[in-house]
Amino acid sequence: MAAQELQDAYNLIKSGDKTSAREMLKTYIEEHPKDANGWWLMSNAVTNPDQRRQSLEKVLTLDPSFEPAQKALAKMDGAPVADVEYPHKSSSPQAAPGPSIGGGQLMFAYPLQLRFRIIALAPQIFITDASGNSVLFVRQKILNLREDVRIFRDESKTEELYRINADRIIDIGARYRFTDSKTERPLGSIKQRGLKTIWRAHYDIETPNGDSSYSLTEDNPWVKVGDALLSEIPFVGFFTGFLLHPAYTVHDNAGLPVMQLTKEPAFFESKYRVDNLEPSISQEEEQRILLSLMMMVQLNRARG
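Residues numbered from 1 in each chain as written. Predicted model: local features only at pLDDT ≥ 70, side-chain atom pairs only at ≥ 80, totals over all residues. Heavy atoms only, no water.

1. Brief notes about the pattern of salt bridges
1) Next: One pass over the structure, following the stated rule, counts 8 salt bridges.
2) Next: Note that R150 is salt-bridged to E160, the shortest N-O span being 3.3 Å. One end of the pair, R150, is in strand 4 (residues 148-152); the other, E160, is in strand 5 (residues 160-166), and 10 residues separate them in sequence.
3) Next: Linking R163 and E184 is a salt bridge whose minimum nitrogen-to-oxygen distance equals 2.9 Å. You can see R163 sitting in strand 5 and its partner E184 sitting in the loop between strand 6 (175-180) and strand 7 (186-192), a full 21 residues away along the chain.
4) Next: Take R163: its relative accessible area is 16%, and that puts it in the buried class.
5) Next: We classify E184 as partly exposed; its relative accessible area is 47%.
6) Next: Three or more residues joined by partner-sharing salt bridges are found here, namely D148, R150 and E160. (Salt bridge = Lys/Arg side-chain N within 4 Å of Asp/Glu carboxyl O. Helix = DSSP H or I, 4+ residues; strand = E, 2+ residues; numbered from the N terminus. Buried < 20%, exposed > 50% of the residue type's maximum accessible area, 1.4 Å probe, protein only.)

Next comes the structure, spelled out in structure tokens:
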């Protein structure tokens, strides 16, 4: 029953009805004052910054390793999310797959690491989970007028899991469709928001029916500007990949953060970290968001 109450409150927040969600959560928290998930949802239901802070602090009092609350509180304090320390990653709700509020099960153990091989004939991404285990391998076909990206189980490329294909040659305004390679079932798509992407990366993540379910945006476009300027300076440009770390956040239709991708320091390769900020998403939503992040990173790397 408790799980269903939390799921109902979560659905109200996603639909934008935070007033009803607050009323429901107020009753729930009175009955379950030590449930960190209840306080976490309350922090997303309130609109007053002081009340949000109080709810987040209560979450961390009950569960100091609750990473989404740590990130949210750090953001309120103006601290870079990438610099937040998580002393108990192995025991945090996001450190390993587990039941979500809605009874689901995450596909991967977070955070994930995305590594790009700098010198390669075709773009490649190596993806590992929180334990360092290889979980996905991405390879983009070359000499194709349209984007053609294949995602495999591992580097051996013996088992293809997903495909990503563009619906047009010119990428401005293009839609990149996701397909299950085994069943040919459409999984959704990601679409750029036209010219907005030139200044600030902004994409819509869509369901197989074409409905927008999430948005993917660049947190601070000035980091990209700084990277472009510094990269032109002799010798200094060599260190831009180590000094500047753009971040991208996925939000649901209620404006709540769901997943975040952050560039990490690296000299001889490109590294990104993916953090799950909402453990109650379904596996279908999880794979759609991850496929979107993979495609977005490749598009932005290609543009420099």
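2. Digging into helix 5 (residues 67-76)
1) Next: Of all 10 residues that make up helix 5, 8 are buried, and the element is covered over most of its length.
2) Next: Where helix 5 is concerned, the buried positions are E67, P68, A69, Q70, K71, A72, L73 and A74.

3. What about the packing of helix 3 (residues 36-45) against helix 4 (residues 49-62)?
Angle between the axes and distance between the axes: these two values describe a pair of packed helices.
1) Next: Two numbers describe how helix 3 lies on helix 4: the axes approach to 8 Å, and their chain directions differ by 160 degrees. Our classification of the angle between helix 3 and helix 4 gives roughly antiparallel. The way helix 3 lies across helix 4 gives a crossing that is left-handed. Note on element contacts: helix 4 touches helix 3 through R52, S55, L56, K58, V59 and L62, opposite A36, W39, W40, M42, S43 and N44.
2) Next: Split by residue class, the contact of helix 3 with helix 4 holds 7 nonpolar, 3 polar and 2 charged. (Axes fitted to C-alpha atoms, helices over the stretch in contact; angles between N-to-C directions. Parallel < 35°, antiparallel > 145°, perpendicular 65-115°, else oblique. Left-handed = near helix turned anticlockwise from the far one by under 90°. Contact = heavy atoms within 4.5 Å. Nonpolar A, V, L, I, M, F, W, Y, C, P; charged D, E, K, R; others polar.)

4. Some points on the environment of S134
1) Next: Of note, S134 is situated in strand 3 (residues 134-140).
2) Next: Separated by 19 residues in the primary sequence, S134 and R153 have C-alpha atoms spaced 8.2 Å apart.
3) Next: Excluding its chain neighbours within four sequence positions, the residues that come into contact with S134 are I127, T128 and D154.

5. Comments concerning the environment of S292
1) Next: Mapped onto the fold, S292 is located in helix 9 (residues 283-302).
2) Next: A relative accessible area of 0% places S292 in the buried class.
3) Next: Distance in space between the C-alpha atoms of S292 and R177 is 9.4 Å, their sequence separation being 115 residues.
4) Next: Those residues in contact with S292 that sit more than four places away from it in its chain are F178, I190, I205 and L216.
5) Next: A distance of 2.9 Å separates the side chain of S292 from the backbone oxygen of R288, its partner in a polar contact. (Polar contact = N/O pair within 3.5 Å; in protein donor to acceptor, adjacent residues only side chain to side chain.)

6. Describing the environment of L62
1) Next: Positionally, L62 belongs in helix 4.
2) Next: The spacing of L62 and K34 is 28 residues in sequence and 6.5 Å in space, taken between C-alpha atoms.
3) Next: Every residue in contact with L62, bar those within four places of it in the chain, is listed here: P33, K34, D35, A36 and W39.

7. What to know about the packing of helix 4 against helix 5
1) Next: Remark: helix 4 packs on helix 5, axes separated minimally by 9 Å, with the N-to-C direction vectors making an angle of 140 degrees. Crossing angle aside, the handedness with which helix 4 passes helix 5 is left-handed. Mapping the contact onto sequence places P49, R52, R53, L56, E57, V59 and L60 in helix 4 and A69, Q70, A72, L73 and M76 in helix 5.

8. Re empty space enclosed by the protein
1) Next: Going through the model one piece at a time under the given rule, you end up with 2 cavities of 30 Å³ or more.
2) Next: What the largest cavity holds in volume is close to 40 Å³.
3) Next: For the lining of the largest cavity, the secondary structure elements donating two or more residues are strand 1 (112-117) and helix 9.
4) Next: Ranked by residue count, the leading element in the lining of the largest cavity is helix 9, at 3 residues.
5) Next: Class assignment for the residues of the lining of the largest cavity results in 7 nonpolar, no polar and no charged.
6) Next: When its volume is computed, the second largest cavity comes out at roughly 40 Å³.
7) Next: Forming the walls of the second largest cavity are F108, L136, Y162, Q287, L290, L291 and M294.
8) Next: When residues in the lining of the second largest cavity are grouped by element, the largest group, 4 residues, is from helix 9. (1 Å grid on protein atoms, 1.4 Å probe; cavity = no way out; pocket = protein on both sides within 12 Å on 5 of 7 lines; lining within 4 Å. Points joined across faces, edges and corners; volume = space filled by probe spheres on them.)

9. What about the confidence of the model for the chain?
1) Next: Of all residues in the chain, 71% have pLDDT values of 70 or greater, and the mean over the chain is 76.
2) Next: Ignoring residues within four places in sequence, the model shows residues 80-104, a span with pLDDT below 50, making 53 contacts including any to other chains. (pLDDT = per-residue confidence, 0-100.)

10. Focus: the packing of aromatic side chains
We describe a pair of aromatic rings using the distance from one ring centre to the other and the angle between the two ring planes.
1) Next: A full pass over the atoms with the stated rule returns 3 aromatic pairs.
2) Next: Ring geometry for F116 versus Y272: centroids 5.9 Å apart, planes at 70 degrees, classification edge-to-face. Taken together, the residues F116 in strand 1 and Y272 in strand 12 (residues 269-276) connect sequence positions 156 residues apart. No difference in accessibility class separates F116 from Y272, as the two residues are buried.
3) Next: Ring geometry for F126 versus F137: centroids 5.1 Å apart, planes at 55 degrees, classification tilted. (Phe/Tyr/Trp six-rings, centres within 6.5 Å; stacked < 30°, edge-to-face > 60°.)

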